[in-house]
Amino acid sequence: MYHHRLDVYPVPKESMPRYINEPWLIDKTLNEGTARAALEPEGEKDNIRIYIPMDLNRKSILRRLDGVIAHYGEANEKNEFDFKIDVDMVLSQMEIYDQVWYTRHMLSKGDHSAEAISLVREIVARLEADI
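Here the structure is a predicted model, which is why all the values come from computation and not from measurement.

## A few points about the packing of helix α2 (residues 58–72) against helix α3 (residues 80–105)
Across the interface, α2 lies against α3 with an axial gap of 10 Å and an inter-helix angle of 175°. As summarised for this structure, α2 and α3 are arranged roughly antiparallel, according to the angle between their axes. Contacts from Arg58, Ile61, Arg64, Leu65, Val68, Ile69 and Tyr72 of α2 reach α3 at Asp82, Phe83, Asp86, Val87, Val90, Gln93, Met94 and Tyr97. For the contact of α2 with α3, the residue count by class is ten nonpolar, one polar and four charged.

## A word on the packing of aromatic side chains
For the structure on display, the rule yields two aromatic pairs. Note on Tyr72 and Phe83: the rings are 5.7 Å apart at their centroids and 80° apart in plane angle, and the pair reads as edge-to-face. Of this pair, Tyr72 sits in helix α2 while Phe83 sits in helix α3, placing them eleven residues apart in sequence. Note on Phe83: relative accessible area 10%, which makes it buried. Relative to Trp101, the ring of Tyr97 lies with its centre 6.3 Å away and its plane at 65°, an arrangement referred to as edge-to-face. Taken together, the residues Tyr97 and Trp101, both in helix α3 and four residues apart, mark about one turn of the helix. On the accessibility criterion, Tyr97 (10% relative accessible area) is buried. A relative accessible area of 26% places Trp101 in the partly exposed class.

## Some thoughts on α2
The end-to-end C-alpha distance of α2, which contains 15 residues, comes to 22 Å, matching closely the 21 Å that a straight helix rising 1.5 Å per residue would cover. Every buried residue of α2 is accounted for by Ser60, Ile61, Leu62, Leu65, Val68, Ile69 and Tyr72. Capping the start of α2 is the job of one residue whose side-chain oxygen sits 3.1 Å from the backbone nitrogen of Lys59: Asn57. Taken from the residues just after α2, Gly73 is the one with a positive phi, measuring 70°.

## Focus on the pattern of salt bridges
Here the structure, examined in full by the defined rule, presents three salt bridges. For Asp66, the salt bridge identified is with Arg126, shortest N-O distance 2.6 Å. In this pair, Asp66 is assigned in helix α2 and Arg126 in helix α4 (residues 114–130), connecting sequence segments 60 residues apart. We note a salt bridge from Lys84 to Asp88, for which the minimum N-O separation is 2.5 Å. Of this pair, Lys84 and Asp88 both sit in helix α3, four residues apart, which is roughly one turn of the helix. Lys84 sits in the partly exposed class, given a relative accessible area of 49%. Judged by relative accessible area, Asp88 falls into the partly exposed class, the value being 31%.

## Topic: the environment of Val90
Following the sequence through the fold, Val90 ends up in helix α3. Along the sequence, Val90 and Arg63 sit 27 residues apart, while their C-alpha atoms lie 9.7 Å from each other. Apart from the residues within four sequence positions on either side, Val90 is in contact with Ile61, Arg64, Leu65 and Val68.

Rules behind the numbers
- Residues numbered from 1 in each chain as written.
- Predicted model: local features only at pLDDT ≥ 70, side-chain atom pairs only at ≥ 80, totals over all residues.
- Heavy atoms only, no water.
- Axes fitted to C-alpha atoms, helices over the stretch in contact; angles between N-to-C directions.
- Helix = DSSP H or I, 4+ residues; strand = E, 2+ residues; numbered from the N terminus.
- Parallel < 35°, antiparallel > 145°, perpendicular 65-115°, else oblique.
- Contact = heavy atoms within 4.5 Å.
- Nonpolar A, V, L, I, M, F, W, Y, C, P; charged D, E, K, R; others polar.
- Phe/Tyr/Trp six-rings, centres within 6.5 Å; stacked < 30°, edge-to-face > 60°.
- Buried < 20%, exposed > 50% of the residue type's maximum accessible area, 1.4 Å probe, protein only.
- Expected span 1.5 Å × (residues − 1).
- Polar contact = N/O pair within 3.5 Å; in protein donor to acceptor, adjacent residues only side chain to side chain.
- Salt bridge = Lys/Arg side-chain N within 4 Å of Asp/Glu carboxyl O.

Spelled out as structure tokens, the structure:
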């Protein structure tokens, strides 16, 4: 019996997703050194590279942030480092969200999408409310 739903077929070109080759965004056990090494597939004969879809939208990013805040509670000296790592992960996801919005709509002015600017304001408000 199989425990995982696998789609072993190639992704059709007309629906090509954007692959972000930054595994530390989904695996916080990777530190900077191992994260850089994880960018390239391992050379082992039995290596299988798995891409895990990660939905990035306003609701999912804020849900992840709320999860970080709920997990750590108030930031303090004991949890400051881990709290920062998890918030940085959420911010990286927000940056990818912004890049895709910006690219999809080819904005003629400004450096960021209105969607991302609004999202950043909400992230800051939630972090300030935790102080």
